Amino acid sequence: MQPIYMDNNATTACDPAVVAAMLPFFTEQFGNASSIHSFGSQVGKAIKEARIKVQSLLGAAHDSEIVFTSCGTESDSTAILSALKANPERRTVITTVVEHPAILTLCTYLEKENYIVHRLRVDRKGRIDLDEYKSLLNDRVAIVSAMWANNETGTLFPVEEMAEMAHEKGVLFHTDAVQAVGKVGIDLKNTKIDMLSLSGHKLHAPKGIGVLYVRRNTRFRPLLRGGHQERGRRAGTENSASIVGLGVACELAQHYMATENTHVKRLRDRLERGILARVRNAFISGDTLYRLPNTASIAFEYVEGEGILLLLNQQGIAASSGSACTSGSLEPSHVMRAMGIPYTAAHGTIRFSLSRYNTEAEVDRVIASVPPIIAQLRKLSPYWSGEGPVANPEQAFQPEYA
Amino acid sequence: MWDYSEKVREHFFNPRNSGPLENANGIGDFGSIKCGDALRLMLKVNPETEVIDDARFQTFGCGSAIASSSALTEIIKGKTLDEALQVSNQDIADYLDGLPPEKMHCSVMGREALQAAVANYRGEVWKDDHEDGDLVCKCFAIDAVMIEDTIRANSLRTLEEVANYTKAGGGCSACHEKIEDILIAVNGRLYANEPKPAKARTAAAEAPGKPKLTNYQRIRKIEETLEAIRPMLQRDHGDVTLVEVDGKKIYVDLTGACRGCAMEAATLGGVQQKLIEALGELVQVLPVAALARA
């Protein structure tokens, strides 16, 4: 049985063309890009080409605005800490409650260092309130950081509009776009976005390579100091093989952008419709009108996500869950909680995230596999009886909690 | 994902005794808010013999919650209520060949549901006295409640002391920030490398007029103190017994998982600290191996 991979928001497979482009940089092209001899200069040239490919995908005005980092998390940390260092008189950060831990954990730490953090709340569909956002912008804010697309639900934030609003108040704007790049058209030169984070492994490049876009003229302080690499904005010998791989991946992403929004979107919609038609007490979470084309976040009421994933895995299907029990921590998904989704549904939320490699046959196999799995687990659930939930499920089963 | 044992996986994929139980005469509903998991345990108890003739469960929860529920019903069937109440959460975990540290609360949930179901059968009102804290130290599975209680009970001030008393933080160092947060929450500030005033060492040890313990009283006191420490060690499948008291030297035997554990020295240090406080005098706690050498 061929395994089916539908967890592309977690990570993606490297495209074979990416791997092929990288291989020479482990062998004959091993030089250090900083060296004067020909071993180094060849590598330097390849990095320059890759930088231009990233620039092109992001629609950046200059290739020098692309800074290679080790991952999305490093890009996020660099952006926020740079803004705070470069603007020491400003001690406030604005972000949202549904950001990735790369932002939220850093913000919690900043609060311990006596910075002020405002986290914008979201409504039941995961949307922020722009009026609340506007009311928080002032000259004490060092930076706003809002994700372009949510990793769990795919919901998009209007980051271009948010960046305009920040600029009117003279506030820097950063977006964590690791889920959006390659799926959403991005043209940074025509926006007011100052900094943007990208992660290679979300778009078929390898793990361990990221990018921070820094608009020309943005006040900046490096996170890593040392050599002159990346114009001193990120010291450390370049990860040349991965940078070359990322360049190819960005080129491919640009080429497949339309595919993501037609073919992949159609598969995603087919998957959602197929499952919802066959499973009762299930619904889509997030903003269905304004979201990534590849992400389906489906809440199955009265069952818990880990059980679903274990049974899916038994059938060779890989997905993920916003449930408490599958992540390293036991906290229920902060995204589901922020949207006010009840515990009994938040725990049973499964994310299927597709890619251009998925096929209709795979989608149909998943549609066939899911209903019996949900039925099997509901048979074990104290909230379920026969064909439906017990009457007044929240009252019928009220365990004492420790 | 989690590294579940074969037994856990097997009980999850093929749960025993699931579904409602007709004519149950003892029902316990219990949940763990940490994970949002919850379980209904249903017992059919023979009123003559108090033997559990049948047990079934319904669980809303993760793989290990379902496996723990299934294991619990298998363990208690055929036992009398009193026998069943002897089943600890560790027994449930052991039955499943262990659970990941983050998932131990699933076995606790089973044990609590059992108590609730027995109370329900006996017409008693059952109150949960168990508090589930956030797991802080993953190396040694120590939660926040345990750390906070130990800090309060012993007026601990530093990371090192917390590691000596609870083992938390004595492994990979990842939880040091969290432990410091707890120390700050309890003490109001962080003490940098200044151990708490050693009142046991000075004030109490040399307190004038304090009646001197007889040899018998002193050994009794040592035994009582060790007795109080043992549950903590047993949680980790270890144990400690008193072997010999030779003046200021107290020889103990660390057994079970404590033996050869990387934290053996720290454990002995913690035992020593407790004994110093209990006896009000300076003593040295040594492993039984040292007795052979002595």
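For clarity, every value in this text was computed on a predicted model and none was experimentally measured.

A short note on the overall build of chain B
Helices and strands together make up the secondary structure of chain B, namely twelve helices and eight strands. Taken over 294 residues, chain B has a buried fraction of 39%. Summarising the internal contacts of chain B: among those between residues at least 6 apart in sequence, 57% fall at separations of at least 24.

Considerations on the overall build of chain A
Along the backbone of chain A there are twelve helices and 16 strands. Computed over C-alpha atoms, the radius of gyration of chain A comes to 22 Å, within 12% of the 21 Å expected from 2.2 N^0.38 for 402 residues, which places it in the range of a compact globule. With respect to the principal axes defined by its C-alpha atoms, chain A has extents near 75 × 50 × 35 Å. The proportion of buried residues among the 402 residues of chain A is 52%. Residue pairs at least 24 apart in sequence account for 72% of intrachain contacts in chain A once pairs closer than 6 positions are excluded.

Points about the confidence of the model for chain B
Across chain B, the average pLDDT comes to 86, with 90% of residues at 70 or higher. Low pLDDT, under 50, characterises residues 200-207 of chain B; the stretch is placed with twelve contacts to residues that sit more than four places away or in other chains.

A look at the domain arrangement of chain B
Domain boundaries in chain B define domain 1 (6-121), domain 2 (133-196) and domain 3 (200-294). Domain 1 of chain B and domain 3 of chain B are separated by 37 Å when their C-alpha centres are compared.

What to know about the nonpolar core
Ile308(A) and Leu41(B) are the most contacted members of the largest nonpolar core, which totals 80 residues. The dominant element in this core, judged by the number of residues it contributes, is helix H5 (residues 104-121) of chain B, at ten residues. The residues touching Ile308(A), leaving out its near neighbours within four places in the chain, are Phe300(A), Val303(A), Ser321(A), Gly348(A), Ile350(A), Ile373(A), Ile374(A) and Leu377(A). Membership of the second largest hydrophobic core comes to 72 residues, among which are Ala79(A), Leu106(A), Ile193(A) and Ala241(A).

A look at the domain arrangement of chain A
Residues and elements named next belong to chain A. Per the domain assignment, the segments of chain A are domain 1 (4-8 + 257-389) and domain 2 (16-253). A separation of 29 Å is found between the C-alpha centroids of domain 1 and domain 2. Counting residues at the interface gives 20 residues for domain 1 and 20 residues for domain 2. Those elements that place two or more of their residues in the side of domain 1 that touches domain 2 are helix H7 (240-278), strand E10 (295-300) and helix H9 (334-338). Per element, the largest residue contribution to the side of domain 1 that touches domain 2 is three residues, and it comes from H9. In terms of residue class, the side of domain 1 that touches domain 2 is built from seven nonpolar, nine polar and four charged.

Quick look at the packing of helix H10 (residues 215-235) of chain B against helix H11 (residues 264-279) of chain B
All names here are of chain B. Where H10 contacts H11, the two axes come as close as 10 Å, and the packing angle between them is 135 degrees. As the angle between them shows, H10 and H11 are arranged oblique. The way H10 lies across H11 gives a crossing that is right-handed. Contact residues: H10 offers Arg218, Lys221, Ile222, Thr225 and Ile229, while H11 offers Val271, Lys274, Leu275, Ala278 and Leu279.

Regarding the pairing of strand E8 (residues 210-214) of chain A
Note on strand geometry: in a regular strand, side chains alternate between the two faces of the sheet. All names here are of chain A. When you tally the buried positions in E8, you get five out of five residues, the bulk of the element. Because side chains alternate across E8, one face comprises the buried residues Gly210, Leu212 and Val214, and the other comprises Val211 and Tyr213, equally buried. Pairing of strand E2 (residues 66-69) with E8 involves four bridges; the strand directions are antiparallel. What sits directly across from isoleucine 66, in E8, is tyrosine 213. Here five bridges tie strand E7 (residues 195-199) to E8, and the two strands are oriented antiparallel to one another. Across the sheet, the residue bridging to leucine 198 is valine 211, located in E8.

Things to note about the sheet that holds strand E7 (residues 249-256) of chain B
All names here are of chain B. The mixed open sheet is built from three strands, whose spatial order is E6-E7-E8. Across the chains shown, the open sheet's two edge strands, defined by having one partner strand only, are strand E6 (238-246) and strand E8 (284-287). In this sheet, adjacent strand axes meet at a mean angle of 35 degrees when their direction is disregarded. The pairing of E7 with E8 spans four bridges and is parallel.

Digging into H10(B)
Residue pairs spaced three or four apart in an α-helix point in one direction, given the helix's 3.6 residues per turn. Residue and element names in this part refer to chain B. Here H10 is 21 residues long and its end C-alpha atoms lie 31 Å apart, about the 30 Å a rise of 1.5 Å per residue gives. Where H10 bends most, at isoleucine 229, the angle is about 35 degrees, and the proline proline 231 comes one to four residues later. The inward-facing, buried residues of H10 abut E6, E7 and H11. Backbone geometry just downstream of H10 places histidine 237 in the positive-phi region, at approximately 65 degrees.

What about helix H8 (residues 305-314) of chain A?
Residues and elements named next belong to chain A. Taking burial as the measure, the ten residues of H8 include eight buried ones, the bulk of the element. Where H8 is concerned, the buried positions are Gly305, Glu306, Gly307, Ile308, Leu309, Leu310, Leu311 and Leu312. Two residues or fewer after H8 comes glycine 316, characterised by a positive phi angle close to 80 degrees.

Details of the environment of Val370(A)
Inspection of the secondary structure assignment puts Val370(A) in helix H11 (residues 360-380). As a C-alpha pair, Val370(A) and Leu311(A) span 59 residues in sequence and 9.1 Å in three-dimensional space.

A short note on the environment of Ala290(B)
With respect to the helices and strands, the residue Ala290(B) is situated in helix H12 (residues 288-293). Sequence-wise, Ala290(B) and Cys139(B) are 151 residues apart; in three dimensions their C-alpha atoms are separated by 28 Å.

Structural notes on the sheet that holds E8(A)
Residue and element names in this part refer to chain A. Read across the open sheet, the seven strands follow the order E2-E8-E7-E6-E5-E3-E4; overall the sheet is mixed. A single partner strand is all that each edge strand has here, and the edge strands are E2 and strand E4 (116-120). In this sheet, neighbouring strand axes are inclined to one another by 20 degrees on average, regardless of whether the strands run parallel or antiparallel. Across three bridges, strand E6 (residues 172-176) lies against E7 in parallel orientation. Across the sheet, the residue bridging to histidine 174 is methionine 195, located in E7. Across the sheet, helix H4 (residues 101-112) touches strand E3 (92-96), E4, strand E5 (141-145) and E6, and the angle it forms with E3 is around 150 degrees.

Examining the pairing of E6(B)
All names here are of chain B. In this structure, E6 lies alongside E7, joined through eight bridges in antiparallel fashion. Bridge pairing in E7 places valine 245 opposite isoleucine 250. Hairpin remark: E6 followed by E7, antiparallel, with two residues in the connecting loop; positive phi at glycine 247, about 65 degrees.

Section: unusual backbone geometry
Residues and elements named next belong to chain B. Positive phi outside glycine occurs at glutamate 50, with the angle close to 60 degrees. On the basis of neighbour count, glutamate 50 is assigned to the partly exposed category, with 16 C-beta atoms found within 10 Å. The phi angle at aspartate 97 is positive, at roughly 60 degrees, despite the residue not being glycine. Among the residues examined, aspartate 97 registers 12 C-beta atoms within 10 Å and is labelled exposed.

Reading the values: the criteria
What you see as residue numbers is a count from 1 along each chain, following the sequence as written. Each chain takes a letter, starting from A, and each ligand takes a number, starting from 1, following the order in which they are written. With pLDDT at 70 or above as the cut-off, local features in this predicted model cover only qualifying residues; side-chain atom pairs require 80 or more to be listed or tallied, and sums for whole chains, interfaces and linings still use all residues. Elements are defined by DSSP. Helices are runs of H or I of four residues or more, strands are runs of E of two residues or more, and each kind is numbered from the N terminus. Think of it as a crowd count around each C-beta: if 20 or more other C-beta atoms lie within 10 Å the residue is buried, if 12 or fewer it is exposed, and in between it is partly exposed, with C-beta placed from the backbone throughout. In this description, any two residues whose backbone-derived C-beta atoms lie within 7 Å of each other are considered to be in contact. The size measure is the radius of gyration over C-alpha atoms, and the globule rule it meets is 2.2 Å times the number of residues to the 0.38 power. By definition, pLDDT measures how confident the predictor is in each residue, and it falls between 0 and 100. As annotated, the domain borders come from an automatic or database domain assignment. Think of a nonpolar core as buried Ala, Val, Leu, Ile, Met, Phe, Trp, Tyr and Cys residues chained together by C-beta atoms that fall within 7 Å. When residues are grouped by polarity, Ala, Val, Leu, Ile, Met, Phe, Trp, Tyr, Cys and Pro land in nonpolar, Asp, Glu, Lys and Arg in charged, and all others, Gly among them, in polar. Geometry is summarised by axes, namely lines fitted to C-alpha atoms with helices restricted to the contacting stretch, and by angles between N-to-C directions that run from 0 to 180 degrees. Roughly parallel refers to an angle under 35 degrees, roughly antiparallel to one over 145, roughly perpendicular to one between 65 and 115, and oblique to any angle outside these ranges. We call a crossing left-handed when the near helix sits turned anticlockwise from the far one by less than a right angle, and right-handed when that turn is clockwise. In this scheme, strands are said to pair when DSSP sees at least two bridges between them. By this rule, a helix spans an expected 1.5 Å times one less than how many residues it contains. Throughout, the bend at a residue refers to the angle made by two axes, fitted to the seven residues ending there and to the seven starting there.

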